[in-house]
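# Residue-level structural notes
Chain by chain, the residues:
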Amino acid sequence: MADYIYTLETRLSPDQQKAVSAVIDAAKAAGMNVYLTGGAVRDIITGFTIRDLDFTVQGNALKLQKDLERGGALVSDADDETRSLLLTFPGGVRAEIGMARSERYEKTGKPPVIAPATIIEDLRRRDFTVNAMALSLNEGSRGLLMDPFNGAADIEAKLIRVLHNYAFLEDPSRMIRATRFTTRFHWPLEERTQARYESGKENGYIDHIRSSRIGDEIEQLAYEDDALGVLKAYEKEGWLKVLNPRWSTAKVDAAGLSALTKTRQQMNELGYAPDVAPAVLYFLTGRLGEKDVADLRRAIPRKDLVTAWKDLEDDARDLAKRLMGKEAATPSRTWQLLSSARPEMVLFLAVTARQQAVTQKIKNFFTKWRQVQQKIPLPEMTELRITPQMAEYPKIANDVFMLLLDGKLRSRTETLKFLKPLAPPPPPPPPAPTKRGRGAKAAAAALPAAAPVAGKGKKGKGKEAPVEAAAAAKPAVKAIEASAGKGVVAKAAAAPAAKDVAKSGKPVQADKAQENKAAKPVAKKVVKPAAKVTAKPKAVAKGKAGKPAGKKGKR
Ligand code: ATP
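For clarity, every value in this text was computed on a predicted model and none was experimentally measured.

All right, on to helix H1 (residues 4-11) then. Among the residues of H1, those classed as buried are Tyr-4, Ile-5 and Leu-8. An end-on view of H1 places all buried positions within 105° of arc, on one side of the element. Residues of H1 that are buried sit in contact with strand S1 (34-37), helix H3 (39-46), strand S8 (134-136) and strand S9 (145-146).

With that settled, consider the sheet that holds S1. The strand order S3-S4-S5-S2-S1-S8-S9 describes an open sheet built from seven strands, whose pairing is mixed. The open sheet has two edge strands with one neighbour each: strand S3 (74-79) and S9. When S8 meets S9, the two strands line up antiparallel, connected through two bridges. Bridge assignment links Ala-134 to a residue of S9, and that residue is Met-146. Contacting S1, strand S2 (53-57), strand S4 (84-89) and strand S5 (93-99), helix H2 (residues 14-29) crosses the sheet at an angle of about 10° to S2. Against the sheet, H3 engages S1, S2, S8 and S9, with an angle of about 65° to S1.

Counted according to the given criterion, the structure contains 14 aromatic pairs. Judged by centre distance (6.1 Å) and plane angle (85°), the rings of Phe-128 and Phe-181 are edge-to-face. Of this pair, Phe-128 sits in the loop between helix H5 (119-124) and S8 while Phe-181 sits in helix H8 (residues 173-185); the two residues are 53 residues apart in sequence, bridging distant segments of the chain. According to the relative accessible area criterion, Phe-181 is buried, its value standing at 4%. In this structure, Arg-94 is placed above the aromatic ring of Tyr-223, and the distance from its NZ or CZ to the ring centre is 3.3 Å.

A positive phi angle, near 55°, is found at Asn-150, a position not held by glycine. Considering the arrangement of structural elements, one finds Asn-150 in the loop between S9 and helix H6 (151-157). At Arg-385, a residue that is not glycine, the phi angle is positive and equals roughly 65°. Looking at where Arg-385 falls in the secondary structure, it is placed in the loop between helix H21 (378-383) and helix H22 (393-405). A residue is classified by how much of its surface remains accessible, and Arg-385, at 26% relative accessible area, is partly exposed.

Rules of the game
- Residues numbered from 1 in each chain as written.
- Predicted model: local features only at pLDDT ≥ 70, side-chain atom pairs only at ≥ 80, totals over all residues.
- Heavy atoms only, no water.
- Buried < 20%, exposed > 50% of the residue type's maximum accessible area, 1.4 Å probe, protein only.
- Helix = DSSP H or I, 4+ residues; strand = E, 2+ residues; numbered from the N terminus.
- Arc of directions from axis to C-beta.
- Contact = heavy atoms within 4.5 Å.
- Pairing = 2+ DSSP bridges.
- Axes fitted to C-alpha atoms, helices over the stretch in contact; angles between N-to-C directions.
- Phe/Tyr/Trp six-rings, centres within 6.5 Å; stacked < 30°, edge-to-face > 60°.
- Lys NZ or Arg CZ within 6 Å of the ring centre and 35° of its normal.

So far we have only geometry, and geometry alone does not tell us how the molecule works.
Next up, the structure:
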């Protein structure tokens, strides 16, 4: 048995892994068998990005709703007929959990008769062999791949193959799906599948497509990496007008879409993972009339996607307004505002903003201001024992970054002057080594006298004392070296730490008094930190900078 669980664990993102665990737990608590199915299994085997997670349970998936919601999942649709839930897990992980079911098509164009079934029967109702595999998530058989149609061989051969001769007749949306998968993977249709597809096209099977399937396919388009490429293929095959009679490639804002792709790439490189689907739909329908856009929105099953799409312009306008206002009066405040904004909004605004000031600020946020992080004197901070092991470290690192951003620490000397009072006290010297054997008692008796000698280098009169002091000092030096060593690791960690902290939290609520202080020119007076580490530095950027990082409140 191939160890697909290992592959699963290594291929899923941490958020996806958490979602899988949550589903396993919920299914276990409800006494249901659970399987990973559909595209996720295909993508695990092919190595393509795992875009969403499809689970199949032997039982009524609707019963898992409460348990999953308690674990933080949002339910965006529940289908009583197929007993399935559309979910978004924390981190924006899209998932669907459905009841294992059989589907019997009795009349062309009519929905199938649905009945609860085993997982193998469920796989029989699927569209293509590469999508008709299941991976057991159950104790005892976890990792077992169920592949009754030999989808793995078709993945190997890079072929899209239907499960039987009536696949397109039973559900014509499979022809649209076939075009989508052949375009995405650049895999051709298998010969007989191609013949069935052509025959389906000629015989107008598509006229019998169910409206719910149209909605599914509009939604899926939003998640394609090359959505415009798929849209073009749909147009060529005649499927685009099925999704909406007035939709064409001429109605796409291609320049906007291309800018979106580029900026998304740039954000990905900076560690952000914005959900681009709403913006993709926005640009794909850029020149389509309002009524048609409203029709498309109505058809989409995932309501959180529709809401995000609808809200894009208003949310971007709000963010632009804030970026033009007092809240973003300084680089540090702009940084905090953009860090706390949803990455989706930053992305959309970066692509659509008309005001020069707004685009410039976003540009600085992506490029110039990040370089300021290099000015945080990490080696010196390590020497000062200001390392990530300190509880206050994220706040200190963030404060330094904010002051550097605003030009309030203009040199290394100023920065160190700010940092020095924040350094924790040196660790106490280790206890002097005890002597074994006969002299031990005498040595123990001498200890109180020896310790101050070791510590201060004064007063010691006996010959032994300096020797002991040296012995005691060695481990202390080692301890410092060790902490400096950690500091090297911390060096790598420190910049992201500062970044993460800056990313975290809500926009800072300015305290006026502090704000004025912070605005004072540094030339006259170097910013003075408070004397103790625990105290708040006087002129640091205000607010909740010390909050733990949380990249985004995505979706
Ligand atoms: P993607 O990578 O686009 O998400 P996917 O295969 O996961 O691909 P979904 O639309 O999420 O696509 O569907 C999940 C699974 O449900 C499919 O893999 C397939 O097994 C099944 N499925 C979806 N639509 C159909 C259909 N029209 N007929 C039969 N099975 C379908």
